[in-house]
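Listed here are the chains, written in short residue letters.
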Amino acid sequence: MLIYELNVTVKLKKAVKFSQIPGFLSKNINYSFLLDKDLKNLHSKNHIKPYSLSFLQSHEGRKDLFDVNEIAFFKIRSVSPEIIKSMKYCLENSKGFDFQVLGTLTTDFAPTNIQSLYTMSPVVVTISIDNKSYCWTKKDSDILTLKNSLETNLKNKFSLFVNDSVSFNDDIIELIEIKNDKPFMFPYKGGKIFAYRYKVYFANNSHARELAKIALALGLGEKGSLAFGFCEKGR
């Protein structure tokens, strides 16, 4: 499997706090989709998106605040070269962003031997409690529910974008390390999103290895178009 990656370098026109990054990026990227009919239609549909998106990043390391005129970058990944090509065009040619696009770089790679993934941006998982949807938290649920939700989400992504199916009897995730005690909180559409960073270890079987690749391409968990769940290979 080839994964296609678009690296976008930008100069910010406004300051962005860490908690504002999901809304900031999704607003601007969704706006760029107006230049492409297929991407515009994709945005309007309420289903899993065929790409993952990283948070804003700095070559100086993790930051809680990005200042006006600061240079930053973010990454977009997909298993579809057409999606990456279209997003590259839209980002390079749209006007009216809250950032200036300074440059883009497209690469591809074939991942191998993924034993674990680290979530560079926090992961969102929603669960149902008394017929109401909530973000998964350590306080309100358990690790088995988290594991099952992450596995189901990965199998859905695999079925949608690789046009194949995975047996739900396969053991996919072997271990989950939760990297922060309290969830990150992000304001969104008048509500709050709660999310954690994880290191996820995958089982040693062929299906788990394929789903690990899907996670690297399309992210772990939900709300990938808001930049949640973007992964890098664990060390």
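Scope of this entry: the structure provided in the associated data block. Predicted, not measured: the structure shown is a model, and the values here were computed from it. (Residues numbered from 1 in each chain as written. Predicted model: local features only at pLDDT ≥ 70, side-chain atom pairs only at ≥ 80, totals over all residues. Heavy atoms only, no water.)

Before going further, it helps to spend a moment on helix α4 (residues 143–161). Taking 1.5 Å as the rise per residue, α4 with 19 residues should run 27 Å; its terminal C-alpha atoms sit 27 Å apart, in good agreement. For α4, the full list of buried residues reads Leu-146, Leu-150, Glu-151, Asn-153, Leu-154, Lys-155, Lys-157 and Phe-158. Elements that come into contact with the buried residues of α4 comprise β10 (173–178), β13 (198–202) and α5 (206–218). The distance from a side-chain oxygen at the start of α4 to the backbone nitrogen of Leu-144 is 3.1 Å, and the residue carrying that oxygen is Asp-142. (Helix = DSSP H or I, 4+ residues; strand = E, 2+ residues; numbered from the N terminus. Expected span 1.5 Å × (residues − 1). Buried < 20%, exposed > 50% of the residue type's maximum accessible area, 1.4 Å probe, protein only. Contact = heavy atoms within 4.5 Å. Polar contact = N/O pair within 3.5 Å; in protein donor to acceptor, adjacent residues only side chain to side chain.)

Our focus in this paragraph is the layout of surface pockets. Roughly 650 Å³ of internal volume is contained in the largest pocket. For the largest pocket, the lining is made up of 26 residues, of which Asn-46, Lys-49, Lys-223, Ser-225 and Leu-226 are closest to its centre. Listed by contribution, the elements that provide at least two residues to the lining of the largest pocket are α1 (21–32), α4 and β12 (191–195). When residues of the lining of the largest pocket are assigned to their parent elements, the largest contribution, three residues, is made by β12. A per-class count over the lining of the largest pocket returns eight nonpolar, eleven polar and seven charged. Space inside the second largest pocket adds up to approximately 220 Å³. (1 Å grid on protein atoms, 1.4 Å probe; cavity = no way out; pocket = protein on both sides within 12 Å on 5 of 7 lines; lining within 4 Å. Points joined across faces, edges and corners; volume = space filled by probe spheres on them. Nonpolar A, V, L, I, M, F, W, Y, C, P; charged D, E, K, R; others polar.)

Moving on, we get to the packing of α4 against α5. Where α4 contacts α5, the two axes come as close as 9 Å, and the packing angle between them is 85°. With respect to their mutual orientation, α4 and α5 come out roughly perpendicular. Mapping the contact onto sequence places Leu-154, Lys-155, Lys-157, Phe-158 and Phe-161 in α4 and Glu-210, Leu-211, Ile-214, Ala-215 and Leu-218 in α5. Its residues assigned to classes, the contact of α4 with α5 shows seven nonpolar, no polar and three charged. (Axes fitted to C-alpha atoms, helices over the stretch in contact; angles between N-to-C directions. Parallel < 35°, antiparallel > 145°, perpendicular 65-115°, else oblique.)

Inspection of the entire model under this criterion finds twelve salt bridges. Across the salt bridge formed by Lys-75 and Glu-232, the nearest N and O atoms sit 3.5 Å from each other. With a gap of 157 residues between them, Lys-75 in strand β5 (residues 71–78) and Glu-232 in strand β14 (residues 231–233) connect regions that are remote in the sequence. With a shortest N-O distance of 3.8 Å, Asp-181 and Lys-138 are connected by a salt bridge. With Asp-181 in the loop between β10 and β11 (184–188) and Lys-138 in the loop between β9 (132–135) and α4, this residue pair connects regions lying 43 residues apart in the sequence. On the basis of relative accessible area, Asp-181 is assigned to the exposed category, the value being 66%. A network of salt bridges, in which partner residues are shared, links Glu-5, Lys-75, Arg-77 and Glu-232. (Salt bridge = Lys/Arg side-chain N within 4 Å of Asp/Glu carboxyl O.)

This paragraph deals with the side chain of Ser-26. Residue placement: Ser-26 occurs in helix α1. Within the structure, the side chain of Ser-26 is placed 2.9 Å from the backbone oxygen of Pro-22, a separation counted as a polar contact.

This next bit is on the pairing of β5. For β5, the buried fraction is high: seven of the eight residues fall into the buried class. Direction of pairing for strand β1 (residues 3–12) relative to β5: antiparallel, over a ladder of eight bridges. Within the sheet, the bridge partner assigned to Glu-5 lies in β5 and is Arg-77. As judged from the two bridges shared by strand β3 (residues 52–53) and β5, these two strands associate in the antiparallel manner. Paired with Leu-53 across the strands is Ile-76, a residue of β5. (Pairing = 2+ DSSP bridges.)

Right, let's get into the environment of Lys-27. Here Lys-27 is to be found in helix α1. Linking Lys-27 and Ser-225, residues 198 residues apart in sequence, is a C-alpha distance of 9.9 Å. A distance of 3.1 Å separates a polar atom in the side chain of Lys-27 from a polar atom in the side chain of Asp-98.

Before going further, it helps to examine α5. Taking 1.5 Å as the rise per residue, α5 with 13 residues should run 18 Å; its terminal C-alpha atoms sit 18 Å apart, in good agreement. Every buried residue of α5 is accounted for by Ala-208, Leu-211, Ala-212, Lys-213, Ile-214, Ala-215, Leu-216, Ala-217 and Leu-218. Two or three places before His-207, at the opening of α5, Asn-205 has a side-chain oxygen 3.2 Å from that residue's backbone nitrogen. Immediately beyond the C-terminal end of α5, within one or two residues, lies Gly-219, with a positive phi of roughly 90°.

The biggest cluster of nonpolar side chains holds 37 residues, and the ones touching the most others in it are Leu-56, Phe-74 and Ile-76. Every element with two or more residues in this core is listed here: β1, α1, α2 (37–44), β5, α3 (81–93) and β12. In this structure, Phe-74 is in contact with Leu-6, Asn-7, Val-8, Val-10, Leu-25, Ile-29, Leu-53, Ser-54, Phe-55, Leu-56, Leu-91 and Phe-99, ignoring residues within four places of it in sequence. In this structure, Ile-127, Leu-150, Val-200 and Leu-220 belong to the second largest nonpolar core, which totals 29 residues. (Core = buried A, V, L, I, M, F, W, Y, C linked by side-chain atoms within 4.5 Å.)

All we've got here are geometric facts, nothing functional implied.
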